[in-house]
There are 2 protein chains.
Amino acid sequence: MNNFIKRTLTGIIFVGVLLGGIFYNVYSFAALFCIITGLALWEFYGLLKHYENATLHRIISTLGGMYLFFACFLKASGLADSLTFLPYILFLMYIFIHELYTKAANPINNWAFTLLAQIYCAGSFSLLNFIAVHPGNSTNMPLYTPLFILAIFVFVWLNDTGAFLVGSAFGKRKLFERISPKKSWEGFWGGLVIVLIASQGFAWYAPEINRLHWLGLAVAIVLFATWGDLTESLLKRTLGVKDSGNILPGHGGILDRFDSVLMASPAAYCYLEFFIRN
Amino acid sequence: MNNFIKRTLTGIIFVGVLLGGIFYNVYSFAALFCIITGLALWEFYGLLKHYENATLHRIISTLGGMYLFFACFLKASGLADSLTFLPYILFLMYIFIHELYTKAANPINNWAFTLLAQIYCAGSFSLLNFIAVHPGNSTNMPLYTPLFILAIFVFVWLNDTGAFLVGSAFGKRKLFERISPKKSWEGFWGGLVIVLIASQGFAWYAPEINRLHWLGLAVAIVLFATWGDLTESLLKRTLGVKDSGNILPGHGGILDRFDSVLMASPAAYCYLEFFIRN
């Protein structure tokens, strides 16, 4: 199978699974992103497994981060109160205490890299729950608003596409040559303009939110998605790897596909909490 | 001034400031522990400043962790809702993004060590708010129950004293020779017995909580305080330092004084949330 067909097929399946999980219902949303959190952590811990004498506990740390996502889902949905975080606190203490018993070469790196991935991957994905899930009124079914989750992904994809097309055609001034030599300022502005236009489509579907706020959300997502992309590039450059993994044939790893979302989703959460919810 | 007098004076002032801050009112509690969080972070970042090619941003990271404590106080007291965490989320993103612009030797270590201290110091102290502070009923003054904060410190101090005295007199079997060669199992059991007895004094003052639960809380605190002490010893051993700092003449640094509390307070939080609040 040639690479173009492989890339296209993987892309279609990837988008299909993602949109299916987001739109089917609140539980499919939670299950999908819990699994994605796990895959991202597994990949991240694989990358740093032996970095600077570290010896990471890949399985338990991946499960711990997946539990954080699950706990945030329970909390956001009102299905559980703050008790839901106790196992995660115990997990964090376990990470520290465990090193007492292992005679590891560098316990400080083990602690630090383990926690880095928890915040970078699990913390970031967990915020999606607080964007889209809220306690239900009378039934046990939580309220679920997939619109903002969709917006994050559509904006990130359009930004990537727009930046690539405009950058390929008109790119001259380098955006960040040291870290990501192919990106240009022209591409950045092209991506931004396309996302700003798309945001007005969302405003048309969701008129309960001000058109200006859709523009604001678009700016926040494009800005932080770009930083997120660059941050993962810096991570890979420091580690000396080209792709974060190979789970998505032709597209690299999970972190390669979600690097922008890892920063765009906390940015979207902050924007929505600050400007819309209050 | 000879060392014994210096140690005694420092000890008296230390205990006085701590008890004064805990008992004066809820705001002195919050201010005191916000400052202690800052001192702990400052010391921690000082220790890891140049570790393995790291270049940490000591001031901003210390302020970020102090803000986490403050945000948790506002949330626990009901004076603010989850909006209070937005600046902290922005701070975490800043930590990542900042490395794009610094040409640092090892951005991964900078991220990881910065976040390690946030969880180890700021996360741990921040939980004290959720132990002792709750929303007030009608006035703006939060409810404040200093009893459990006092219990954590009294149990930790009595455990240290008991373990030292019993260990000095009867210590034979090493508790953890590789990491902390002076500790013995006899000392550990001695400390535990003294804290179990003291817990019944607390039960006498606070009969609304079951005697058995005071025993359970005592066991949890002694166990995790010991692990906390060993964890900080492992940290110092890995770094090759004897004391974490010298802010407390004759007693070393802030982390040396609070190492046990850093683990005892999350353990106490988990115990109280699980067994008492529900």
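Preceding this section is the structure that the text describes.
Now for a description of the structure that goes with this document. (Residues numbered from 1 in each chain as written. Chains lettered and ligands numbered in written order. Predicted model: local features only at pLDDT ≥ 70, side-chain atom pairs only at ≥ 80, totals over all residues. Heavy atoms only, no water.)

With respect to the interface of chain B and chain A
Accessible area lost upon the coming together of the parts serves often as the stated size of an interface.
Part 1 of the argument: The partner chain A presents 49 residues to the 49 residues of chain B that form the contact.
Part 2 of the argument: Approximately 4500 Å² of surface area, both sides summed, lies buried where chain B meets chain A, with 80% of it carried by carbon and sulfur atoms.
Part 3 of the argument: Three residues, Leu100, Ile108 and Ile119 of chain B, lead the burial of chain B against chain A; their summed loss comes to 15% of the area buried on that side.
Part 4 of the argument: Put simply, chain B and chain A have 0 salt bridges between them.
Part 5 of the argument: Across the chain B-chain A interface, the total number found is 10 residue pairs in polar contact (both at pLDDT 80 or more).
Part 6 of the argument: Each residue belonging to the side of chain B that touches chain A can be placed in one class, and the counts come to 36 nonpolar, 7 polar and 6 charged. (Contact = heavy atoms within 4.5 Å. Buried area = accessible area lost by both parts, 1.4 Å probe. Salt bridge = Lys/Arg side-chain N within 4 Å of Asp/Glu carboxyl O. Polar contact = N/O pair within 3.5 Å; in protein donor to acceptor, adjacent residues only side chain to side chain. Nonpolar A, V, L, I, M, F, W, Y, C, P; charged D, E, K, R; others polar.)

Things to note about the state of the cysteines
Residue and element names in this part refer to chain B.
Part 1 of the argument: Inspection of the entire model under this criterion finds 0 disulfides over all chains.
Part 2 of the argument: With no disulfide of its own, Cys72 has Cys34 as its nearest cysteine by sulfur position, at a separation of 11 Å.
Part 3 of the argument: Look at Cys72 and you get buried, because its relative accessible area is 7%.
Part 4 of the argument: No disulfide involves Cys270; its sulfur sits 14 Å from that of Cys72, the nearest cysteine.
Part 5 of the argument: A relative accessible area of 7% places Cys270 in the buried class. (Disulfide = S-S within 2.5 Å. Buried < 20%, exposed > 50% of the residue type's maximum accessible area, 1.4 Å probe, protein only.)

Overview of helix H1 (residues 3–24) of chain A
All names here are of chain A.
Part 1 of the argument: Here H1 contains 22 residues, and its C-alpha end-to-end distance of 31 Å stays within 8% of the 32 Å for a straight helix at 1.5 Å per residue.
Part 2 of the argument: Taken together, the buried positions of H1 are Thr10, Gly11, Phe14, Leu18, Gly21 and Ile22. Burial along H1 is one-sided: seen end-on, the buried residues are contained in an arc of 115°. In H1, the exposed residues that point more than 90 degrees away from the buried face are Phe4, Ile12, Ile13 and Tyr24.
Part 3 of the argument: Next to the buried residues of H1 lie helix H2 (26–48), strand S2 (143–144), helix H6 (147–170) and helix H9 (254–276). (Helix = DSSP H or I, 4+ residues; strand = E, 2+ residues; numbered from the N terminus. Expected span 1.5 Å × (residues − 1). Arc of directions from axis to C-beta.)

Here we look at helix H4 (residues 86–98) of chain A
Three or four residues apart is the spacing at which side chains of an α-helix point the same way, because the helix has 3.6 residues per turn.
Part 1 of the argument: The end-to-end C-alpha distance of H4 of chain A, which contains 13 residues, comes to 18 Å, matching closely the 18 Å that a straight helix rising 1.5 Å per residue would cover.
Part 2 of the argument: With 10 of 13 residues buried, H4 of chain A lies mostly within the body of the structure.
Part 3 of the argument: For H4 of chain A, the complete set of buried residues consists of Leu86, Tyr88, Ile89, Phe91, Leu92, Met93, Ile95, Phe96, Ile97 and His98 of chain A.
Part 4 of the argument: In the core, the buried residues of H4 of chain A are packed alongside helix H3 (58–77) and helix H5 (107–132) of chain A together with helix H5 (107–132), helix H8 (211–239) and helix H9 (254–276) of chain B.

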